[in-house]
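What follows is each chain in one-letter form.
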Amino acid sequence: MRKYIKFIVAALVLLLFIGTFVFLWKKSQPQPVAYEEFVPTVKDLRKTTVVTGKIEPRNEVNVKPQISGIISDIYKQAGQMVSAGEVIAKVKVIPDMNQLSSAQARVRSAAISVRQSKIDFDRMKALYDKGLVSGSDYDQRRKALQDAQEEVRAANDNLEVVRDGVSSQNANTSSTLIRSTISGLILDVPVKVGNTVILSNTFNDGTTIATVANMGDLIFRGNVDETEVGQIVPGMPMKITIGALQDEKLSASLEYISPKAVESNGANQFEIKAAVHGVGGTQIRSGYSANAEIVLAEARQVLCVPESAIEFSGNNTYVYVIQGSGENKTYQKKKVTTGLSDGINIQIKSGLKKGEKVRGPKIVKDEQGE
């Protein structure tokens, strides 16, 4: 029994050895090289570039106060529409003590002057009624009284302006009322009631009360690489895709190309601006990220093949035309003239006829699937 077991084990080892040898021999045999095959097609080719940027209003205004003070009331909030001249907020003035003292002194001085002018006028009137003074002297005293009374009104108005920021005479046009300078949508109100605000002057830009923009007139702003900026001109059409609104496709026309480059991540780029059309009822928010597709070149109904079927050699381009079939298949190298490429397909201007098959890249087999 043991003798038979030894024969069986030896036979199994021999079969395993022979099987391994046959397998390795088959693997070492050269496999026939297979190539992809393409038939030239007639189609439209477009060379495009995609510019990343954002959507923003063409006219965006920061509304600033004309006086310094404290926000006492806010009548509007972000997201509301506002008309030019409409009140957004109200500022309570913090009076300057030197100016306030001067204004109060002016009021007191004007009161003294008007009292004295009234006394002088009454005396002159009594003499004039008795015919003891001329009419011109009487008129001068009356005018002096009127001037003194006007100075009292002016001094009181000045005191109200210094103390309250508004006088009773010009309450409707007061600088304490912060009004929108344009009609549009309020994008932001960065202040709150109680915040201190300052007016714009030589030393600072002033406090922004609100940001207002006309959202009916939008532009796309982005940057184009220096390798492509020479291929675009103002007036070129663009297709805008907004990341937050994937179903919305907007059209635009290029308006501006910056004459100066800016460096970004080691590359020179040029800023572009384009007017966005067809906004309609679409709810677009300022600052939306967007992509703009620009057609740099276009060729209609031209003969083309996949670019992978082209062999580049110096300044020349070649294709391999398939001759025959099956085991008799051969490849004829032919020089061709190429044109526009969209990165996948390339135009064939001459050297290849419609209907001729061309050889593509090698077919790489998956060894696990064999």
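Structure's up top.
Report on the accompanying structure. (Residues numbered from 1 in each chain as written. Predicted model: local features only at pLDDT ≥ 70, side-chain atom pairs only at ≥ 80, totals over all residues. Heavy atoms only, no water.)

A few words now on the sheet that holds strand β8 (residues 184-188). Spatial ordering of the open sheet is given by β3-β10-β8-β5, a layout of 4 strands whose pairing is antiparallel. Of all the strands in the sheet, the pair left with one neighbour each is β3 (60-63) and β5 (81-82). Across 4 bridges, β3 lies against strand β10 (residues 210-213) in antiparallel orientation. Note on β10: the bridge partner recorded for Val 61 is Val 212. (Pairing = 2+ DSSP bridges. Helix = DSSP H or I, 4+ residues; strand = E, 2+ residues; numbered from the N terminus.)

Turning to the pairing of β8, a few remarks are in order. Pairing between β5 and β8: 2 bridges, direction antiparallel. Paired with Met 81 across the two strands is Leu 185, which belongs to β8. Of the strand pairs in this sheet, β8 and β10 are connected by 3 bridges, and their pairing is antiparallel. If you follow Asp 188 over to β10, its bridge partner there is Thr 211.

The subject of this paragraph is the packing of aromatic side chains. Applying the stated criterion to the full structure yields 2 aromatic pairs. Relative to Tyr 138, the ring of Phe 121 lies with its centre 5.6 Å away and its plane at 35°, an arrangement referred to as tilted. On the criterion of sequence distance, the pair formed by Phe 121 in helix α2 (residues 97-129) and Tyr 138 in helix α3 (residues 135-164) is long-range, its members being 17 residues apart. In this pair, the class of Phe 121 matches that of Tyr 138, namely buried. Ring geometry for Tyr 128 against Tyr 138: centres 4.5 Å apart, planes inclined by 15°, an arrangement best described as stacked. Taken together, the positions of Tyr 128 in helix α2 and Tyr 138 in helix α3 put the pair 10 residues apart, joining distant regions of the chain. For Tyr 128, a relative accessible area of 36% gives the class partly exposed. Members of the aromatic cluster, connected to one another through ring pairs, are Phe 121, Tyr 128 and Tyr 138. Across the ring face of Tyr 318, the terminal group of Lys 333 is positioned such that the distance to the ring centre comes to 4.5 Å. Against the face of Tyr 331 rests Arg 359, its NZ or CZ located 5.0 Å from the ring centre. (Phe/Tyr/Trp six-rings, centres within 6.5 Å; stacked < 30°, edge-to-face > 60°. Buried < 20%, exposed > 50% of the residue type's maximum accessible area, 1.4 Å probe, protein only. Lys NZ or Arg CZ within 6 Å of the ring centre and 35° of its normal.)

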